[in-house]
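Structural overview for review
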Amino acid sequence: MHKGRIILHIDLNCFYASVEQIYDPSLKGKPIAIAGNPKERRGIVITCSYEARKSGVYTTMNVGEARRKCADLIVLPPNFERYRAASKAFFNLLKEYSEILQPVSIDEGYMQLPMVEGQNVMELIQGIQDRIWNELQLPCSIGVAPNKFLAKMASDMKKPMGITILRKRDVPSILWPLNVIEMHGIGKSTAEKLKKLGIQTIGELAVTDERLLKQQFGINGVRMKQKANGEDDRPVDPEAIYDTKSVGNSTTLSHDTTDRDELYKLITTLSEKVADRLNAKKLAGVTVSILIRTANWKTYTRSKSVNNAIYLKEDIVEHAWSLFQKHWNEEPVRLLGVTISNVSNLKEMTQQLTFFNFEEHIKEEPILKVVDEIEERFGKGIIKRGADIAKRSSFQSQTSFSKDFLDDLK
C-alpha cells in the first residue's frame, strides 16, 4: 500500500482551443472548435471552447451539427506542432516540482508531490496553477487527493481554473450520490449493464456484492467497487505513456463511398501512418485489424494474425487490404481504420507493452513526441518510474510532508 501520498491530476482546460487563442488573441471569448476536417460536414469536433459548449457544442459532434447549434462557431483545423510545443512547456514546468510525473495525454497528467518538511501544500499547488496561467497562458484544473482515481474525479469538479481537494472520507457524501456514468473509467455500455443489475449510483456500486461484480465484469468489476469506495493503489508511473499493446489509425471520410480504388488508397494512407508510428516506437505486431463503419452506422472489426511480426507499410497494406476485400460487403463506407496489435519491442520482441483505440490516437500521438523532445533536452530517462525515484538519495532526505495535510486527505 502507498501511504502518505499527495497526488495531483492536472488537466489543461479546452487545451487545443486555448492554444489557438494564444496564437490569435482575437479568438478569446469567442465560440471556437477544433475539427479534424473543418471544411467537411462530417468532420469531427476534437475540442471546443467553453463559449461553444454553452451553445451545446461538444467533443465528437460532427461539424455540420455543431454549426447548427452555434451559428457563429469558428471552426479551425488542428495544429499539432503548436499543441506539442505548448504541451512540452507544460510538462517541463511540472518537472520543476516533481520527477514522479505521469503524462496521460498531451494535455493532462498525474504528479506525486515529493515529501518536503513543513511545506504549505495548498500554497504550492496554487503557485503551480498560477505559473501555468501566467507563464504559458493556459488555464488548468487541478485535483488533489491521496490517489489517482480521486485526483482525476476532483479535477473534473471545477472547470475552468479550479483546484479541488477530494478526501477519502468525503467519498460517501460527494461521490456516492452521483450516477455511475459520472465515475471515471465507466462508459455508457458499462453504465447500462450496471443499470440492468439495479446499480445506478456510485454509492450503490460501492456496496454491491463483489462476487456479483466479478461474475459480470471480471477483475474490472472488483476494481470498480474499490474505486467507488475511494480506493486506488496504482502508482504514478512516468513510463506508462509508453505502454502500448496496439497502434492504430482511423479516418472519417468526407463522403460515403463504394469506390474500390479510393478505399485502397485510404487503407494505404492509414497503413503508412501506422507504420510510421510503429517505427517511431520501435515496435512490431503480429495481429492486423481493420475497422469499417458503414453509411448506416454499422461498425465492425476483422482481424488476422501473421506468423512474423510486421511493421513495414507494404506488409500492413497487404494484410489490411486482404482483410478488407474478404469482409467488405460493398456497403458505402463512412469510416475506415487500420490497427497493428499484440506488439513487441522490435529488437527484443519479448516485452509486453496498455491498449489505446482509434479515438485516443488524436491525443496519444502528440504526447509521445512531447516525451521524446523532453528526453532529447534533458537526457534519456529523465521521466522516471516512481519506484526508481524512491531510491534516489536526493529524495531520501525529504522525509515528510506537512503531516496535517496528509492526515487531512484521509
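The text that follows walks through the structure, step by step, so that each part is easy to find. (Residues numbered from 1 in each chain as written. Predicted model: local features only at pLDDT ≥ 70, side-chain atom pairs only at ≥ 80, totals over all residues. Heavy atoms only, no water.)

1. Overview of unusual backbone geometry
Threshold: Labels follow the DSSP assignment, with helices taken as runs of H or I lasting at least four residues and strands as runs of E lasting at least two, numbered in each case from the N terminus.
A cis amide bond, omega -5°, links Lys159 with the succeeding residue Pro160. Here Pro160 is to be found in the loop between helix H6 (148–155) and strand E8 (163–165).

2. Quick notes on the nonpolar core
Inclusion rule: Remark: nonpolar core denotes a set of buried residues (Ala, Val, Leu, Ile, Met, Phe, Trp, Tyr, Cys) joined through side-chain atoms within 4.5 Å. Between buried and exposed lies partly exposed: a residue is buried under 20% and exposed over 50% of the maximum accessible area for its type, with that area taken using a 1.4 Å probe on protein chains only. Any pair of residues with heavy atoms lying within 4.5 Å of one another is described as a contacting pair.
By size, the foremost hydrophobic cluster in this structure holds 35 residues, and its most contacted members are Leu8, Ile10, Phe15, Leu94, Met111, Ile128 and Ile132. Among the elements of the structure, strand E1 (7–12), helix H1 (15–23), strand E2 (32–35), helix H4 (80–94), helix H5 (121–136) and strand E7 (140–145) are those that each provide at least two residues to this core. Sequence-distant contacts of Ile10, that is, excluding residues within four places in its chain, are made with Phe90, Leu94, Asp107, Glu108, Gly109, Met111, Ile128, Ile132, Cys140, Ser141 and Ile142. Counting residues in each nonpolar core, the second largest holds 27 residues, with Val247, Val288, Phe324 and Val333 among its members.

3. Brief notes about H1
One turn of the α-helix equals 3.6 residues, which is why residues spaced by three or four share an orientation. Of all nine residues in H1, seven are buried; the element is thus mostly enclosed. Looking at H1, one finds that the buried residues are Phe15, Tyr16, Ala17, Ser18, Val19, Glu20 and Gln21.

4. Observations concerning the side chain of Arg334
The cut-off we apply is this: Think of a polar contact as two N or O atoms within 3.5 Å of one another; within protein, one of them needs to be a possible hydrogen donor and the other a possible acceptor, and neighboring residues in sequence only count if both atoms come from side chains.
Along the chain, the position of Arg334 falls in strand E12 (residues 333–345). Its relative accessible area of 10% is what places Arg334 among the buried residues. A polar side-chain atom of Arg334 sits 3.4 Å from the main-chain carbonyl oxygen of Ala295.

5. Some remarks on the packing of H1 against H4
Filter applied, for reference: With axes taken as lines fitted to C-alpha atoms, and helix axes fitted only over the stretch in contact, angles between N-to-C directions fall between 0 and 180 degrees. Any angle between 65 and 115 degrees counts as roughly perpendicular, while under 35 counts as roughly parallel, over 145 as roughly antiparallel, and the rest as oblique. Following the grouping adopted for this structure description, the nonpolar residues are Ala, Val, Leu, Ile, Met, Phe, Trp, Tyr, Cys and Pro, the charged ones are Asp, Glu, Lys and Arg, and the polar ones are all others, Gly among them.
It is the contact of H1 with H4, at a shortest axis distance of 10 Å, that shows an interaxial angle of 95°. With respect to their mutual orientation, H1 and H4 come out roughly perpendicular. Between H1 and H4, the residues in contact are Phe15, Tyr16, Val19, Glu20 and Tyr23 and Phe80, Arg82, Tyr83, Ala86 and Ser87, respectively. Of the residues belonging to the contact of H1 with H4, the class tally is seven nonpolar, one polar and two charged.

6. Regarding the sheet that holds strand E4 (residues 74–76)
The strands making up a sheet associate through backbone hydrogen bonding, with each pair oriented either parallel or antiparallel. Which entries qualify depends on this criterion: Two strands form a pair only when DSSP identifies at least two bridges running between them.
The strand order E3-E2-E4 describes an open sheet built from three strands, whose pairing is mixed. If you trace the sheet from one side to the other, it starts and ends with strand E3 (45–48) and E4, each paired once. Sheet twist, expressed as the average angle between the axes of neighbouring strands with direction ignored, equals 30°. Inspection of the sheet shows E2 paired to E4 by three bridges, in the parallel sense. By the bridge assignment, Ala33 is partnered in E4 with Val75.

7. Some thoughts on the environment of Val222
The topology assignment puts Val222 in helix H11 (residues 219–228). Residues Val222 and Arg211, spaced eleven residues apart in sequence, show a C-alpha to C-alpha distance of 8.3 Å. Among residues more than four places away in sequence, those in contact with Val222 are Glu210 and Lys214.

8. Remarks on the sheet that holds E7
Spatially, E5-E6-E1-E7-E8 is the arrangement adopted by the five strands of the open sheet, whose pairing is mixed. Two strands lie at the open edges of the sheet, namely strand E5 (101–105) and E8, each paired on one side alone. Neighbouring strand axes in the sheet, compared pairwise and without regard to direction, differ in orientation by 15° on average. Pairing of E1 with E7, which is carried by six bridges, proceeds in the antiparallel orientation. Counterpart to Ile7 in the pairing with E7 is Ala145.

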